[in-house]
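Listed below are the residues making up each chain.
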Amino acid sequence: MPHAIKTVLIVLITGLVLLGVMLRPWKLNEALIALAGAALLLLLGLITPEAALLRLLQDWNTFFFFLGMMSISALAESAGFFDWLAVMTAKISGGSRKRLFFNTFLLGSLISMFFSNDATALILTPILYSLTTRLRLPVLPYLFACTFIADTASFLLPVSNPINIIVLSAFPLDLWTFLRLLFVPSLVVIGLNMVVFFGLYRRQLRGGFENQRLPTAAEAIQHQGYFRYTCVVLSLVALCYIGASALRVPLSLVAMAGALALLVGALYWKQSTFRETGKQISWAIFGFIAGMFILVQALENTGLTEQFGQLLLQLSGGTTLGAVAITTLGTVLGTNLINNVPMAVVMVSSLSHLPHVTPVVQKGLIAATIFGCDLGPNVTTVGSLATVLWLLILRRRNLEVTGLDYFKVGILVTPLMLLAGAVTIWLLL
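Rules and cut-offs
Residues numbered from 1 in each chain as written. Predicted model: local features only at pLDDT ≥ 70, side-chain atom pairs only at ≥ 80, totals over all residues. Heavy atoms only, no water. pLDDT = per-residue confidence, 0-100. Helix = DSSP H or I, 4+ residues; strand = E, 2+ residues; numbered from the N terminus. Core = buried A, V, L, I, M, F, W, Y, C linked by side-chain atoms within 4.5 Å. Buried < 20%, exposed > 50% of the residue type's maximum accessible area, 1.4 Å probe, protein only. Contact = heavy atoms within 4.5 Å. Axes fitted to C-alpha atoms, helices over the stretch in contact; angles between N-to-C directions. Parallel < 35°, antiparallel > 145°, perpendicular 65-115°, else oblique. Left-handed = near helix turned anticlockwise from the far one by under 90°. Salt bridge = Lys/Arg side-chain N within 4 Å of Asp/Glu carboxyl O.

**Considering the confidence of the model for the protein chain**
Across the protein chain, the average pLDDT comes to 90, with 100% of residues at or above 70. Mean pLDDT across the secondary structure elements of the protein chain bottoms out at helix 11 (residues 217-220), with 79, and peaks at helix 10 (residues 175-201), with 96.

What follows is the structure, given as structure tokens:
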């Protein structure tokens, strides 16, 4: 098949898959759409089975990290760990709606920091909904705080967002460099998020709530022995994450070891089973990621991602400011059009084919890619899996938030955070 025709077919199939992921015709699952596109590439001979399999094997760290993190979150939830955290957060708020609002941001940051942004959306959202309705508080300010902080705090550590693992698997940054370039910008945007949201919801946050309506900490804990064991394991996992990041050990190994340790405890205390844990894992995400990896590999074989990388470098002018600005803008647009997972995969492919650039410019490109793919999805509801999960949880509770409702909030705060964060990254390079 001529190269030109092959390129056109690959671009056409990829475009149709991305359109399908955005529109979800007949309510098809995103994983089925991505896998159908990958299967069509294989059937037409646009990518060889060997090349597709090799790409998936090369990205083993991403797949096992997703599996480990989702398992840890599910098992910690079965121990009542997150319910206990939410109750303690409400208790230390002293009956103040404002303090509870700010503590929601802090709790969401803590969960995103060590358990990933998807865990914040998946676990904290239903807990907050139950807590606020029980306390007879307006639910939307706290739920919007939950979904936004999931992404806003998702670049505090390498483990805070699976997107970070996708990028860092290809471009390893030592822990100090990651923290130097992204930890401070994360604190800046978290602070901005809190201030702007407080201004938006200040009227609904006046007054207090009755502490007597709160459940006791003991009610949140399913089993004392397993709860204590879970706390110890999670503390060790957090320390190992930091150590593994410093030593550049694949973080999926830590996640899988932590999940295995929690599962052993759950089986011993009869708090969960293999089947129950498996039901809590979103298996479709693996199909979605696998399909997108194969699609992007086919695009990479055409040379288009290499050209995209060169265009980015050309637009940046080879400067650190240009690299951060152009990459942030490009990834933000991409994440809100095609979701942050495929955008991150495209960016990894594009950056890996760049001509020689200075180390400082390369670090700027990598940091801005993580920053834009992590924070950029806060503009719309289609940008990240965490937001999609948040919407699904609300709909199950008959609480409808439209894409326009979300956009009205996102467009007020996200551009400010992006500007402040990008400038901070540039100053720290």
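From this point, the narrative continues.
**Structural notes on the nonpolar core**
Counting residues in hydrophobic clusters, the biggest one holds 145 residues, and the most contacted among them are Phe115 and Tyr241. Once you skip the residues sitting within four places of it in the chain, Tyr241 turns out to touch Phe65, Met69, Ile72, Phe114, Val159, Leu251, Val254 and Ala255.

**Description of the environment of Tyr129**
Its place among the elements puts Tyr129 in helix 7 (residues 117-134). Each C-alpha atom, one on Tyr129 and one on Arg397, is 8.8 Å from the other, the two residues being 268 residues apart in sequence. Beyond its immediate chain neighbours, meaning those up to four positions away, Tyr129 contacts Val139, Leu143, Arg397 and Leu399.

**As for the packing of helix 19 (residues 359-375) against helix 21 (residues 403-428)**
The N-to-C vectors of helix 19 and helix 21 enclose an angle of 165°; their axes lie 11 Å apart at closest approach. Here helix 19 lies roughly antiparallel to helix 21, going by the angle between them. The two elements helix 19 and helix 21 meet at a crossing, and its hand is right-handed. The segment helix 19 lies against helix 21, with Ala367, Phe371 and Leu375 engaging Thr414, Met417, Leu418, Gly421, Ala422 and Ile425.

**Re the pattern of salt bridges**
Summed over the entire model, instances satisfying the criterion amount to five salt bridges. Across the pair Asp59 and Arg55 runs a salt bridge, and its minimum N-O distance is 2.8 Å. Exposure class is identical for Asp59 and Arg55. Each is buried. With a closest N to O distance of 3.7 Å, Glu400 and Arg395 form a salt bridge. Since its relative accessible area comes to 53%, Glu400 is described here as exposed. Given the relative accessible area of 41%, Arg395 is considered partly exposed. Among the charged side chains, a salt-bridge network with shared partners connects Arg55, Asp59 and Glu300.

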